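# Breakdown of the fold
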Amino acid sequence: MLDHILRFMTLGTVIVGMTAIYVALHTNNRRLGADIFLRYSDRVSDLRRRLPVAAFLERGAAGDIEIAADERRAVQEIIHSIFELYELKVHGFFPAAIWKIREPDIERLLSLPVFQQELASLEGRYARHPRLTAWLGKIKASQS
């Protein structure tokens, strides 16, 4: 009888330990995903601050906008950061719920004429990423 009680207690301890490890790993993964997202989000925000206010105006057609070389580089860095962030989301490095927080803002940013102009110039670079291309096509279609 005592032997059965000790086995049951041992089994219970193992189950509680496994549950604690699972919860700790799950919480850590969520925290890591949120941290990754926040760091990329901060990077995009810092780059956005480098751009003039005129870049955020919805006037003009893509292709007609003149911007300085350093501004063009900042726009391209923003696009690359968003691409990396999108790929991290696709591959499950952070929950989709975190992405949903900023997705409308990111889509609005990418639909601005200056970003559409740069996306057109970088189109061949993202040809190997069909999910990203489809998402960017959806943004472009919703703009029309």
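One can find the structure itself at the top, above this paragraph.
In this report, the structure presented in the accompanying data block is examined.

## What to know about the packing of helix α2 (residues 69-90) against helix α3 (residues 96-110)
With their axes 12 Å apart at the nearest point, α2 and α3 run at an angle of 145° to one another. By crossing handedness, the relation of α2 to α3 is classed as left-handed. Across from I78, I79, I82, L85, Y86 and K89 in α2, the residues of α3 making contact are W99, I106, L109 and L110. Looking at the contact of α2 with α3, its residues break down into 9 nonpolar, no polar and 1 charged.

## Focus: empty space enclosed by the protein
According to the stated counting rule, one finds 2 cavities of 30 Å³ or more in the structure shown. Empty space within the largest cavity amounts to approximately 70 Å³. Every residue along the wall of the largest cavity is listed here: F37, S41, V44, R48, I82, L85, R102, D105, I106 and L109. Among the elements of the structure, α1 (2-50), α2 and α3 are those that each provide at least two residues to the lining of the largest cavity. For the lining of the largest cavity, the per-class residue count stands at 6 nonpolar, 1 polar and 3 charged. Roughly 50 Å³ of volume is contained in the second largest cavity. Lining the second largest cavity, in full, are I79, I82, F83, L110, L119, Y126, L132, W135 and L136.

## A short note on the packing of α2 against helix α5 (residues 130-143)
It is at 10 Å that the axes of α2 and α5 come closest, and there the two elements cross at 115°. For the element pair α2 and α5, the recorded crossing hand is right-handed. Here I82, F83, Y86, E87 and V90 of α2 lie close against α5, whose contacting residues are R131, L132 and W135. Residues of the contact of α2 with α5, tallied by class, amount to 6 nonpolar, no polar and 2 charged.

## Things to note about a nonpolar patch on the surface
On the surface, M1, L2, I5, L6, F8 and M9 cluster together into a nonpolar patch covering about 730 Å² of accessible area. By the element assignment, M9 lies in helix α1.

What counts and what doesn't
Residues numbered from 1 in each chain as written. Predicted model: local features only at pLDDT ≥ 70, side-chain atom pairs only at ≥ 80, totals over all residues. Heavy atoms only, no water. Axes fitted to C-alpha atoms, helices over the stretch in contact; angles between N-to-C directions. Helix = DSSP H or I, 4+ residues; strand = E, 2+ residues; numbered from the N terminus. Left-handed = near helix turned anticlockwise from the far one by under 90°. Contact = heavy atoms within 4.5 Å. Nonpolar A, V, L, I, M, F, W, Y, C, P; charged D, E, K, R; others polar. 1 Å grid on protein atoms, 1.4 Å probe; cavity = no way out; pocket = protein on both sides within 12 Å on 5 of 7 lines; lining within 4 Å. Points joined across faces, edges and corners; volume = space filled by probe spheres on them. Patch = residues over 30% accessible without salt bridge, like charges linked within 9 Å, V, L, I, M, F, W, Y side chains within 5 Å. Areas by Shrake-Rupley, 256 points an atom, 1.4 Å probe, with all protein chains shown as cover. Salt bridge = Lys/Arg side-chain N within 4 Å of Asp/Glu carboxyl O.

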